[in-house]
Amino acid sequence: QNRFSPALGKKAAEIFARLTQGRYEKVFLNREMQLSAQETGSVTPYEADLLSAGTADQLYLALRLAIAETALPADDPAPLVLDDALVNFDDARLSLALDYLAELGRTRQILLFSCQSRESALMAGRSGVNLISL
C-alpha cells in the first residue's frame, strides 16, 4: 500500500483533473484506501462521500482507470470493460469522460456497455470507434 498508493493517487489525479476540466488537482488514498480529492487552489481535500454524486462518480471512474493504467502491463495493454460506468453522468460529464476514453482507446481497447443511447450518439462518427447495438 505504501508503494502503490502514491503512484495510484498521482495517476488518478491526472485523470480526475481531465474529467473535471482542472477543477480538482489532487487525489488521495488513505490507509483504508478511502478516496478524497482536493480542488485546485484549495488546501482542504474532501472525502468522496462529501462530493456531489456526479463528481464522486468521476472520481471513482478516475480511480478505476488509474488502477488499470498502473497495474496492467503497458507493453501489452489489456482491454478495459466498462459496464454502465457513465450511466449517472450528466451530459457535460459524459462528454468529458468519452473524450478521455476515446484518447485512451488509441492505445488500449475499451469496451463500453451502456443501456442508454447518449454514449453512442456522442461517439458516432469518431475515428476508431465501433458502435454495436444489441
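Only a predicted model underlies this, so the values are computations on that prediction, with no experimental measurement involved. (Residues numbered from 1 in each chain as written. Predicted model: local features only at pLDDT ≥ 70, side-chain atom pairs only at ≥ 80, totals over all residues. Heavy atoms only, no water.)

Participant: Before we go on, may I ask you to explain a nonpolar patch on the surface in this structure?
Facilitator: Together, V81, L111 and F113 make up a nonpolar patch on the protein surface, roughly 260 Å² of accessible area in all. Inspection of the secondary structure assignment puts V81 in strand 4 (residues 80-83). (Patch = residues over 30% accessible without salt bridge, like charges linked within 9 Å, V, L, I, M, F, W, Y side chains within 5 Å. Areas by Shrake-Rupley, 256 points an atom, 1.4 Å probe, with all protein chains shown as cover. Salt bridge = Lys/Arg side-chain N within 4 Å of Asp/Glu carboxyl O. Helix = DSSP H or I, 4+ residues; strand = E, 2+ residues; numbered from the N terminus.)

Participant: Explain the nonpolar core to me, please; I cannot follow it from the model alone.
Facilitator: Within soluble globular proteins, side chains that are nonpolar tend to cluster in buried spots. Judged by nonpolar contacts, the single largest core of 33 residues is most densely connected at L59, L65 and L86. Those elements giving two or more residues to this core turn out to be helix 1 (4-19), strand 1 (24-29), strand 2 (35-39), helix 2 (53-71), strand 4 and helix 3 (91-104). Looking at this core element by element, the count peaks at eight residues for helix 2. When residues no more than four places from it in sequence are discounted, the contact partners of L65 are I15, L80, Y100, L101 and L104. (Core = buried A, V, L, I, M, F, W, Y, C linked by side-chain atoms within 4.5 Å. Buried < 20%, exposed > 50% of the residue type's maximum accessible area, 1.4 Å probe, protein only. Contact = heavy atoms within 4.5 Å.)

Participant: Looking at this model, I keep getting lost on the pairing of strand 5 (residues 110-113). Mind explaining?
Facilitator: Regular strands place side chains that alternate from one sheet face to the opposite one. Alignment of strand 4 against strand 5, held across four bridges, turns out to be parallel. Among the inter-strand pairings, V81 is bridged to a residue of strand 5, identified as L111. In the classification by handedness, the crossover that spans strand 4, the intervening helix 3 and the parallel strand 5 is right-handed. (Pairing = 2+ DSSP bridges. Right-handed = clockwise from strand over helix to strand, strands pointing away.)

Participant: In this structure, what is going on with the sheet that holds strand 2? I would like to understand it.
Facilitator: The pairing of strands in a sheet happens through backbone hydrogen bonds and is either parallel or antiparallel. The strand order across the open sheet formed by three strands is 1-2-3, and the pairing between neighbours is antiparallel. At either end of the open sheet lies a strand with only one pairing partner, and these are strand 1 and strand 3 (45-47). Neighbour to neighbour, the strand axes of the sheet diverge by 30 degrees on average, direction disregarded. Strand direction decides the pairing type here: strand 2 and strand 3, joined by three bridges, are antiparallel. (Axes fitted to C-alpha atoms, helices over the stretch in contact; angles between N-to-C directions.)

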